[in-house]
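Observations on chain architecture
Here is what each chain is made of, one letter per residue.
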Amino acid sequence: MSDIAERVKKIVAEHLGVEPEKVTENASFIDDLGADSLDTVELVMAFEEAFNTEIPDDAAETILTVGDAIKFLEKNAA
Amino acid sequence: MRRVVVTGLGMVTPLACGVEPTWRRLLAGESGASRVAHFDVSDLPCKIAASVPRGDGSDGSFNADDWMEPKEQRKVDEFIVFAMAAAKQALDDAGWHPSSYEDQINTGVLIGSGIGGIEGIAETSLVMKEKGPRRVSPFFIPGRLINLAGGYVSIAHGLKGPNHAVVTACSTGAHAIGDAGRLIALGDADVMVAGGTESPVNRLALAGFAACKALVTAFNDDPTHASRPYDKDRDGFLMGEGAGVVVLEELEHAKARGAKIYAELTGYGLSGDAFHITAPSPDGDGAFRCMSAALKRAGVSAGDVDYINAHGTSTMADEIELRAVERLLGNTAAQTSMSSTKSSIGHLLGAAGAVEAIFSVLAIRDQVAPATLNLDNPSVETPIDLVPLKPKARKIDVVLSNSFGFGGTNASLVFRRLDA
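The shown structure was predicted, so the numbers you read here are calculated from the model rather than taken from an experiment.

**So, the overall build of chain A**
- Along chain A, the regular secondary structure elements total four helices and zero strands.
- For chain A, the C-alpha radius of gyration of 11 Å lies close to 12 Å, the compact-globule estimate for 78 residues.
- By its C-alpha atoms, chain A is 30 × 25 × 20 Å across when sized along the principal axes.
- A total accessible area of about 4,400 Å² is found for chain A, and carbon and sulfur atoms account for 49% of it.
- Computed over 6 positive and 19 negative side-chain charges, the separation of the two mean positions in chain A equals 7 Å.

Next up, the structure:
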């Protein structure tokens, strides 16, 4: 598992208050991890902060699963 | 109008989390005051406060995790967590957990706060300044709004009736209970979860109230003697924090389900000083008029009042209230006991009126007037028994509870023993 994937999963587990083992790449923030729309906004902010990057709103709308976030950040994060 | 009774009590105070441990410690003469240790007070003129005792939840300590999931706590200011704790206690105490749609829509929430999420506003404004608007959390607004205390409570317990909030500074808790009682009396709801909550023990709020010259500053090395209503050495109020919530219920609704009834909420009076933004009118006329209105609504005369839980903040305003009460009671003043429980728990601002309403109800239940601590040398003579230093066992059938707030907003509540 990449360093980015590990960090993403840690952030998700902390912010959504879920067990780390539930944070799989296929897990949907809303359907599987109990997030609501505000939680996902905050998660994107947490990714931006942690990876020192900017995630535009249209890109943020496509980040629905843990794997989506990892893929986006692997491509775009510094 | 329909009659309204109190069937559930809940509180978080500087003495304890929970009604019975708080009441026990109050009657034992304990103080919730201490030197502030969880943030820097070195440059503040007031370095003490009455803080809620945090702990693992045992022995009356407050453990936020017992009342709200950690991931939710992170999104809100503490006044919301305090309200969640007090509301759950009150609903459990009342044995009222509405599950049918009919019961849910007839149960409402009216919880207020004086200033709400001031700490979160302070912290987020720093984030805004340092990192810009993209770092402002989506939970910033919903976690600070005053009515979100009631919002969270309604969501947690499925309460779909009237959902309202009061913001009247230090009269908030009393206004919330009074207004909730009216909603029941007028038939808008059968049950109301009502009260006040506040979390002002932080640097910004202490600095702000200190700038108003309202806080005690002469007792930084002697916190437990700082709150001393009516005493000649008092020099300002002691900041407190916490929440008080009651379950109010229409009398027949309570009887039909065999609920335990603490007391009847018989009177509620309101008035405005129209005088000054922070100082009460020196003639005490606003206080007198709201007490008079509450007694009139309750259908009792001043001579019927056994105990008064005073606003008594340990400031210069104490004497104004005292004179207004003397005017109210007239030649029956010597029959009434009046104390300020702020001498023990400090001033809980928007929660004060609700916590003190609960003390008033417990005074009726246990036939005891809690003491005014630290009242060693009264600053003025009065025929009224100010219950100095030790609680007093006595007949208590009718209680008046006073709250007065910045802006000149006044509220009084009257509770009566049901069979009295």
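**A look at the interface of chain A and chain B**
- At the interface, 16 residues of chain A touch eleven residues of chain B.
- Taken over both partners, the interface formed by chain A and chain B buries close to 1,200 Å², and the fraction arising from carbon and sulfur atoms is 42%.
- In this structure, the connection of chain A to chain B is made through six salt bridges.
- When the shortest N-O distance is used, the salt bridge between A:Asp39 and B:Lys75 registers 2.8 Å.
- Seen at the junction of chain A and chain B, the total is nine residue pairs in polar contact (both at pLDDT 80 or more).
- Elements with a minimum of two residues in the side of chain A that touches chain B: α1 (3–16) and α2 (37–51) of chain A.

**Digging into the environment of B:Leu126**
- Mapping B:Leu126 onto the fold places it in helix α5 (residues 118–131).
- For B:Leu126, a relative accessible area of 48% gives the class partly exposed.

**Focus: empty space enclosed by the protein**
Residue and element names in this part refer to chain B.
- Inspection of the entire model under this criterion finds one cavity of 30 Å³ or more.
- Taken as a whole, the largest cavity holds about 30 Å³ of empty space.
- Breaking the lining of the largest cavity down by element, the ones donating at least two residues are α1 (19–27) and α12 (342–345).
- Taken together, the residues that form the lining of the largest cavity break down as six nonpolar, three polar and no charged.

**A few points about the state of the cysteines**
Residue and element names in this part refer to chain B.
- In the structure shown here, the tally under the stated rule is zero disulfides over all chains.
- Here Cys212 stays free of any disulfide, with the sulfur of Cys170 as its closest cysteine sulfur at 10 Å.
- For Cys212, a relative accessible area of 37% gives the class partly exposed.

**Here's the deal with the confidence of the model for chain B**
All names here are of chain B.
- The predicted model of chain B has a mean per-residue pLDDT of 97, with 100% of residues at 70 or higher.
- Across chain B, the secondary-structure element scoring lowest on mean pLDDT is helix α2 (residues 70–73), at 93, and the one scoring highest is strand β7 (residues 242–250), at 99.
- Here the complex is predicted with pTM 0.97, and the ipTM for its interfaces comes to 0.90.

**Here's the deal with the pairing of β7(B)**
All names here are of chain B.
- Across the nine residues of β7, nine count as buried, placing the element largely inside the fold.
- Neither face of β7 is exposed, since Gly242, Gly244, Val246, Leu248 and Glu250 on one face and Ala243, Val245, Val247 and Glu249 on the opposite face are all buried.
- Of the strand pairs in this sheet, strand β1 (residues 4–12) and β7 are connected by eight bridges, and their pairing is antiparallel. If you follow Val12 over to β7, its bridge partner there is Ala243.

Conventions and cut-offs
- Residues numbered from 1 in each chain as written.
- Chains lettered and ligands numbered in written order.
- Predicted model: local features only at pLDDT ≥ 70, side-chain atom pairs only at ≥ 80, totals over all residues.
- Heavy atoms only, no water.
- Helix = DSSP H or I, 4+ residues; strand = E, 2+ residues; numbered from the N terminus.
- Rg over C-alpha atoms; globule rule 2.2 N^0.38 Å.
- Areas by Shrake-Rupley, 256 points an atom, 1.4 Å probe, with all protein chains shown as cover.
- Lys, Arg positive; Asp, Glu negative; His and termini not counted.
- Charge placed at Lys NZ, Arg CZ, Asp CG, Glu CD.
- Contact = heavy atoms within 4.5 Å.
- Buried area = accessible area lost by both parts, 1.4 Å probe.
- Salt bridge = Lys/Arg side-chain N within 4 Å of Asp/Glu carboxyl O.
- Polar contact = N/O pair within 3.5 Å; in protein donor to acceptor, adjacent residues only side chain to side chain.
- Buried < 20%, exposed > 50% of the residue type's maximum accessible area, 1.4 Å probe, protein only.
- 1 Å grid on protein atoms, 1.4 Å probe; cavity = no way out; pocket = protein on both sides within 12 Å on 5 of 7 lines; lining within 4 Å.
- Points joined across faces, edges and corners; volume = space filled by probe spheres on them.
- Nonpolar A, V, L, I, M, F, W, Y, C, P; charged D, E, K, R; others polar.
- Disulfide = S-S within 2.5 Å.
- pLDDT = per-residue confidence, 0-100.
- Pairing = 2+ DSSP bridges.

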